[in-house]
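Chains, contacts and geometry: an overview
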Amino acid sequence: MFWWIYITAVLICSYQVGKIFKKNKLLVFFFTAIIFLTPAQLEVSSINYAPSVFTFIFNALFEQNFSSRPLRTLFISLPLGLFLFLCISLIKRKFF
């Protein structure tokens, strides 16, 4: 249940941040949503997920665990998001 509230809040905040940038509104919205919505496993053997950016910050500040394991999914999803955005913009430019 809390994921639905979190997803809604992230999409609203990403939209507001995207409105600040007039030229690249869709790009900024897309990447802020990707950054804040990418999940990471809390522990290797568990099925509990949390946002990867906040998991990394929590581990670095409170547990003093400077591992990049929570950011792995973010390193995968950002290039895929950029590729998807470029494909969509090329299709939009050619056909519409």
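Preceding this section is the structure that the text describes.
For every chain, the first residue of the written sequence is number 1, and numbering continues from 1 onward in sequence order. Side-chain atom pairs in this predicted model are given and counted only at pLDDT of 80 or more, local residue features only at pLDDT of at least 70, and totals for whole chains, interfaces and linings cover all residues. Processing note: side-chain calculations cover all non-hydrogen atoms of the structure and skip hydrogens and water entirely.

**Some words on helix 1 (residues 2-20)**
Since the α-helix packs 3.6 residues into each turn, any two residues three or four apart lie on the same face. Each helix is a run of DSSP H or I of at least 4 residues and each strand a run of E of at least 2, with the numbering of both proceeding from the N terminus. Every helix has an expected span of 1.5 Å times one less than the residues it contains. Taking 1.5 Å of rise per residue, 19 residues should cover 27 Å, and helix 1 covers 28 Å from first to last C-alpha, within 8% of that figure. When a residue's accessible area, from a 1.4 Å probe over protein chains only, is under 20% of the maximum for its type it is buried; when over 50% it is exposed; and in between it is partly exposed. Of all the residues in helix 1, the buried ones are Val-10, Ser-14 and Gly-18. One side of helix 1 holds all its buried residues, which, seen down the axis, span an arc of 65°. Set apart from the buried face of helix 1 by more than 90 degrees, the exposed residues are Phe-2, Trp-4, Ile-5 and Ile-20. Packed against the buried residues of helix 1 are helix 2 (25-37). Note that the arc is defined by the directions from the helix axis to the C-beta atoms. A contact between two residues is defined here by any heavy atoms of the two lying within 4.5 Å.

**Description of unusual backbone geometry**
Trans peptide bonds make up most of the peptide bonds, and negative phi angles are found at most residues other than glycine. Of note in the backbone geometry, Gln-64 takes a positive phi value of approximately 50° without being a glycine. Here Gln-64 lies in the loop between helix 3 (52-63) and helix 4 (72-95). Overall, Gln-64 belongs to the exposed group, its relative accessible area being 62%.

**Description of the packing of aromatic side chains**
The criterion for an aromatic pair is that two Phe, Tyr or Trp rings (for Trp, the six-membered ring) have centres within 6.5 Å, with stacked assigned to planes under 30 degrees apart, edge-to-face to planes over 60 apart and tilted to the rest. Throughout the structure, instances matching the rule amount to five aromatic pairs. Seen from their ring centres, Phe-30 and Phe-85 are 6.0 Å apart, and the 35° between their planes marks the pair as tilted. Residue Phe-30 is located in helix 2, and its partner Phe-85 is located in helix 4; the two are separated by 55 residues in the primary sequence. Looking at Phe-85, the relative accessible area reads 17%, which means it is buried. Seen from their ring centres, Phe-36 and Phe-54 are 5.8 Å apart, and the 25° between their planes marks the pair as stacked. Here the residue Phe-36 occupies a position in helix 2, and Phe-54 occupies one in helix 3, the gap between them amounting to 18 residues. The class of Phe-36 is partly exposed, set by a relative accessible area of 31%. Of the residues examined, Phe-54 reaches a relative accessible area of 41% and is grouped as partly exposed. Members of the aromatic cluster, joined through ring pairs, are Phe-30, Phe-31 and Phe-85.

**A closer look at the environment of Val-44**
Relative to the elements of secondary structure, Val-44 occurs in the loop between strand 1 (39-41) and strand 2 (49-51). The class for Val-44 is exposed, based on a relative accessible area of 66%.

**Thoughts on the side chain of Thr-55**
Take Thr-55: it is sitting in helix 3. With relative accessibility at 7%, the residue Thr-55 sits in the buried group.

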